[in-house]
Amino acid sequence: MSLTEEQPIPSTSAATEAPAGGEERQLAIRLTTKDSAYSIPSTKFLVPANWRRFHLSELINKVLENSSPIPFDFLINSSLLRSSLGAYCAQTGTSEEVTLEIEYLPSTLPPQLESTLPSEDWVSDVSLAIRGAVLTSSYAGTLSLHSSALPAPSNITFSGHDQSALSACYVPHPLGAEGKQWVASGGMDRLGRVWEYSTPSISLTNPTTELPVPTTLYTLNLHTAPISSVRSRTLPLTSTPTASPHLLTAGWDGIVGVWDLTPGVNEGEPQEDGSERKKKRRKQAPGTMKLTLPLFCSQTPVSVLRGHTGKVSRALFDRTDADKAYSAGWDHTVRSWDLSVASETNVKTSDKVLLSLAQMASPNLLATGSTDRLVSFWDFRESAQNISLTMPGHTGPVSTVAAHPTSPLLLASGSYDATVRIWDARSPKQALFVLPLPPKEGSEGKGQEKILAVDWDGERLVAGGEGARIVAWKVSGAQAEVPMVE
Amino acid sequence: MAPKGSSKAPKASTSKALPPKPSTVAPKRKRRSQEEEDAQNAFAAADSLGLGPEALAFGSDGEDEDDGEILDEDDEDDAVEEPFPELDFGESEDGSFDGEDGDDDDDSEDESLGEVDPDEEAALLAEIEAEDAEEDDGSDLDELIRRHTTKPDEGETPGTSWEEDPTLPNDYMKRSRTVTSKITGQEKTEWDQEIDAGYGSDSSTEETTNRIGNVPAYFYDDLPHIGYDIDGKKVMRPATGDELDKFLEGIEDADGGWTTVKDKLHQQNVALTEEELDLIHRLAKGENPDAAYDPYTPTIEYFSSKVLPTPLVGRPEPKSRFLPSKWEHKKVMKIVRAIRTGRIVPRRPGASSSSAEKPPFYGLWSQSDVASAPHPMHMPAPKLALPSHNESYNPPEEYLWTKDEKDEFNEREKEDKKGQVIPIKHSSLRQVAAYPEFVQERFERCLDLYLAPRMLRRRPKLDIKDPSELIPKLPSPQDLRPFPTTASVEYPHPNGVRTRCVSIDPTGMWVVTGAEDGEVRLWECAVGRCAMKWKCGDGPIYGVEWCPDKERSLFAVASSSKVHIIAPLPLLSEIDAARTSQFALAGFTSASTDDAGNAKKHTQPAEVAWRKPKGDAEREEGRLVEIDVPGTLKQIVWHKRGDYFSTVSAPAGNRSVLIHQLTKHQTQAPFTKQKGEVQRVSFHPSRPHFFVATQRQIRMYDLLKQELVKTLNPGLKWISSLDVHPLGDNLIVGSYDRRLVWHDLDLSSTPYKTLRYHSRALRQVAFSPVYPLFLSTSDDGSIHIFHSTVYSDLLTNPLIVPLKVLKGHEIKDSLGVLDAKWHPREPWVVSVGADGMGRLWCT
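Residues numbered from 1 in each chain as written. Chains lettered and ligands numbered in written order. Predicted model: local features only at pLDDT ≥ 70, side-chain atom pairs only at ≥ 80, totals over all residues. Heavy atoms only, no water.

## Focus: the pattern of salt bridges
Residues and elements named next belong to chain B. By the definition in use, this model includes 40 salt bridges over all chains. Among the ionic pairs, aspartate 737 bridges to arginine 739, the shortest N-O distance being 3.2 Å. Owing to a relative accessible area of 13%, aspartate 737 belongs among the buried residues under this scheme. Relative accessible area serves as the criterion here: at 22%, arginine 739 is assigned to the partly exposed category. Look at the salt bridges and you will find they share partners, linking Arg498, Arg500, Glu516 and Asp813 into a network. (Salt bridge = Lys/Arg side-chain N within 4 Å of Asp/Glu carboxyl O. Buried < 20%, exposed > 50% of the residue type's maximum accessible area, 1.4 Å probe, protein only.)

In structure tokens:
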């Protein structure tokens, strides 16, 4: 039962596992990969039809002569092999005579449910930008930060929003001050807030350190409608002093605000440096003044990006290009912006109401989730078509998408159908994994629990939503891949 | 001429299979040996059954039927040819046959039979007689056989007659002697005279010396011989005399040579015997050629009324002789049943027969002028073409033919002329000659009617060949996307309270629903989270409607007898909130000044009162104005501009329809007299028209001119809902009798289309403000989505295509989907139902 042709393979454990019956069907396959690190000579193999993913993976490891076996996944005609080769052929009606072209890629091991954290109310946004900590915003109007590094309740609550908080993110500290961390948030009360809290120095000798109390640094007063998204630049892995605390806010009123939170810039009370600026600024409502402490001062935006004709659901900075930003909204468009001149550079339209936006690790590739239950990829090179790829699978609107921080092809999406799906762009017809939310204790499956926010840092995947809890999975098998260079 | 009997004797001895002969019937019986026991039994059985003599005769020679046939043929030859061979060759032939060994065997067999004769014959005869006991009949049969098998001339030979039968063995014995065989040393019987085999013997051996068969004799004309004998030797031509010899022969003959015929085969003259002449005479006279035939023999009654001691046929009596017939019974019962049910009216006993009632005579022509009722299969004769101007006796000049035309016509074949006549002009009808073709044409017409098959073509009421052709060609729903297909977001109301109404704000971000528990809830459209709620009384809320003005975010709520104007102030920006509340509250100041100045331009109905909410808390959460109206509110509808709104309340007489102006806090009752109970009202989207739907009618009023413009009769029993197309020329009406009616306002007052897709009452109909779509919701729990293109071209009718049935709402207390609204920007639908669930249906 070993392999024929000019590639004699020493009998592997996989081969010995195959039934010893000589009458077993054999299939001709050709294994290819786009990952040069794992490439094997292009040879035709004859393998038994009952081989599955595991056997093929063993085969490649044998060929590569890896000391520690690497699990691989196999794509046939851009769908993942989840059964035996013979079953695949029978299912798709592929003739067993032809040579199957199989692409293999390092496997992502199935995520494992890790923990469930309770939340005060529906979770509207979640961030994993700082390792070990989960920042969430809830519809109760509070942000909360769960971190194992924190003392006893291991939970910091940021309360200050009058109404539901709809988005939250970390902001890189401008001074790189150790022990201080900034957080920005926005919500229904149309007011963005920038918070500062001090990360407690973990001292084993003094475990009873009091929880740090976050303080509001700035209020971002621009939007006349609820703020749907607050995003900062990607946090540098190591805090460098050069990290600029820039922020993008997007609101239901269709405008995107660009903020520079560097101390001393655009700070303070009305700055009469232009009529346009003046127009954009809004007087604070008396009610808001009453409720908030007069410790902070309001901030004015660097620029305002106008162009969307409906609610902007997400606006974010480009991962690499400092002057580039993207936004997607309910007006069916994804727009790219040049921040240096505050103008629109590209508009791509569709017929979908876009609920979320994420940039993949590869440049110019965006992913969106929309109400028509699709995850779509948008290629933002100039000449490319609008939507390059759609991935059907969700049964409810895709409320959130989160790209893998390093892998250019992995994506997680959360939907109203109470599942998180992990996608590989090479397998658009079928999700890599479907992660249903664990059943909530106490409730007897009363309808579907909408997922409103998903984030992952490559190792952990967190999702939150209607269930007022944050569910975390461990995506351990995701290999730290080398990002594809253009 | 040698005696016939002697010449035939050796032939009989040589023949292997002797055909039966009357004289040998009895010996034949004896000759049957033991191995033929079965056949004998069958024979006996046939005897016992009393089979006819023919059957017996055939049965006896059944095994050699073929021989029998050959015999028949030969018999005919015998009649003519038998005498001649005897003349010349009889002796030699006999001798040659005698010498054969086979003869000896046969003889010995006969001899052995002869030895057992006396005993066995007697025993057999006794046995048969004991069994059959019909000696007489047997003799009758034998005689019958004899009569039919003997030759005419045999009757004359006394030696073979039946009467001399007892003497036969003696005679035979006289002619035979017993000698010792030289070969075997045994004794054997020798016959000094051959036994005559009789007429029925094999005639194939009857000699014709010339064996050329059926070859014409002239083949041998040039040859010295005339043929070949049996040994292949030439038979030489006999000498013939010349004409003188012939003449002399003729003189020598007694009858002048007339009885001599020429035998072509042997080239000889043969004189006919007396018997042959007699036969010829009989044939010439048309008599039976058999002289012994007696046509007047008495018939033997085999099957007669006389009961014989043994039956001729042993069949048992058939059952039908003594069992009543089942089929007759059925037939009778059929008639009986028909009489019982009245299908057959039997004549009363004693009543005269129907034929007697008929008049003995009837007028053959009395009914001829009365048109008889058409027979079901009556086929009218095809109509002839009416005469044209050509056939007129006085045709106009232009119809007359020229000479060339006439010549050309006359040159034609007769078939080509058919049905055409040359127009001839006559000055008067009197001068018209008789039509020469008349009789011919009538005859051909009769032939046509009589011979040409006609078929009654019944014209169907609807000539439908393919029913699918009747279905209008509609575009595929796939081409008409987008339209809502799936439920995406749910707005669950606590306790599943029945939700009556829903509305979406003009920006499309918020959904407001009114439930029967008196709560108005505000939902985030795409997320499905309840953001705010207001309690508006305890009764059910029948109507909630956002103000269509995008600048002012407020909505009107119809709770039992109060209209609430509510704005979600906490969710609005300060400027929007200020603008909205200022807009809604401005009327109080103007109203107060009116009150103060006694200069009230407008008198509003006494029952209507505009009030501010009492507490500050209520004002904080956005309640701006309350309006008391008479009756129980059923509907609220805003004018497009967002200033006026109209309410409908149920038992309020002429105050049931009110039009309110929010900026001035004024209310007017436009109708002083109301015909029927108002169900729904609607503003025209562009013109100052106002639609009022009563139970069965829709009236369109002009608000500026204060007059009735149009009355529409949708033909419904109870109108439930109404919506006007955004372009304003079309109207859809839903009814509780399950129908949806499309009215084209430019056309008549009757509907353009009536759609009946729902199985229960319709609750709401609505046009999409931006897409060419409309919906209808029903108590059957479904929402139907239709495509509707309205063309600006006045000649093209609107195109209505059913697209999708949205199912998901449960039916509760036989109430289904109670309200649904279109999203102002997307092809989405928000629906609420009796199951307390709101749903957003997305593409």
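## Observations regarding the sheet that holds strand β8 (residues 499-504) of chain B
Working definition: the strands of a sheet are paired by backbone hydrogen bonds and lie parallel or antiparallel to each other. All names here are of chain B. A sheet is described by the order of its strands in space; here four strands give the open sequence β8-β9-β10-β11, paired in antiparallel fashion. The sheet is open, and its two borders are formed by β8 and β11 (530-535), each paired with just one other strand. On average, each strand axis in the sheet is tilted by 20° relative to the strand beside it, whichever way the strands run. (Pairing = 2+ DSSP bridges. Helix = DSSP H or I, 4+ residues; strand = E, 2+ residues; numbered from the N terminus. Axes fitted to C-alpha atoms, helices over the stretch in contact; angles between N-to-C directions.)

## A closer look at the nonpolar core
Residues and elements named next belong to chain B. Counting 41 residues, the largest nonpolar core has Val520 and Phe555 as its most contacted members. Other than its neighbours up to four places away in sequence, phenylalanine 555 contacts Val512, Val520, Trp534, Val544, Glu545, Trp546, Cys547, His564, Ile565, Ile566 and Pro568. Grouped together as the second largest cluster of nonpolar side chains are 25 residues, Cys547, Ala577, Phe583 and Ile627 included. (Core = buried A, V, L, I, M, F, W, Y, C linked by side-chain atoms within 4.5 Å. Contact = heavy atoms within 4.5 Å.)

## Here's the deal with the sheet that holds strand β4 (residues 79-80) of chain A
All names here are of chain A. The mixed open sheet is built from five strands, whose spatial order is β2-β1-β5-β3-β4. Each of the sheet's edge strands pairs with one partner strand only, and the pair in question is β2 (44-48) and β4. The pairing of strand β3 (residues 72-76) with strand β5 (residues 100-106) spans five bridges and is classified as antiparallel. What sits directly across from phenylalanine 74, in β5, is tyrosine 104. On the sheet, helix α2 (residues 53-64) packs against β1 (26-32), β2, β3 and β5 and is oriented at approximately 115° with respect to β3. In the packing of helix α3 (residues 85-92) onto the sheet, the strands contacted are β1, β2, β3, β4 and β5, and the crossing angle to β1 comes to about 95°.

## With respect to the confidence of the model for chain B
Residues and elements named next belong to chain B. Averaged over chain B, the pLDDT score is 77; the fraction of residues at 70 or greater is 74%. The low-confidence segment residues 1-117, where pLDDT is below 50, has 123 contacts with residues more than four positions distant or belonging to other chains. Within the model, pLDDT remains below 50 along residues 152-165, and this stretch shows 14 contacts once partners closer than five positions in the same chain are excluded. (pLDDT = per-residue confidence, 0-100.)

## Notes on the packing of aromatic side chains
A complete count under the given rule lists 26 aromatic pairs over all chains for this structure. Taking the centre distance of 5.6 Å and the plane angle of 65° together, the rings of A:Trp330 and B:Trp828 count as edge-to-face. Separated into two different chains, A:Trp330 in the loop between β21 (324-329) and β22 (333-338) and B:Trp828 in the loop between β33 (817-822) and β34 (829-833) make up a pair that spans both. With relative accessibility at 4%, the residue A:Trp330 sits in the buried group. (Phe/Tyr/Trp six-rings, centres within 6.5 Å; stacked < 30°, edge-to-face > 60°.)

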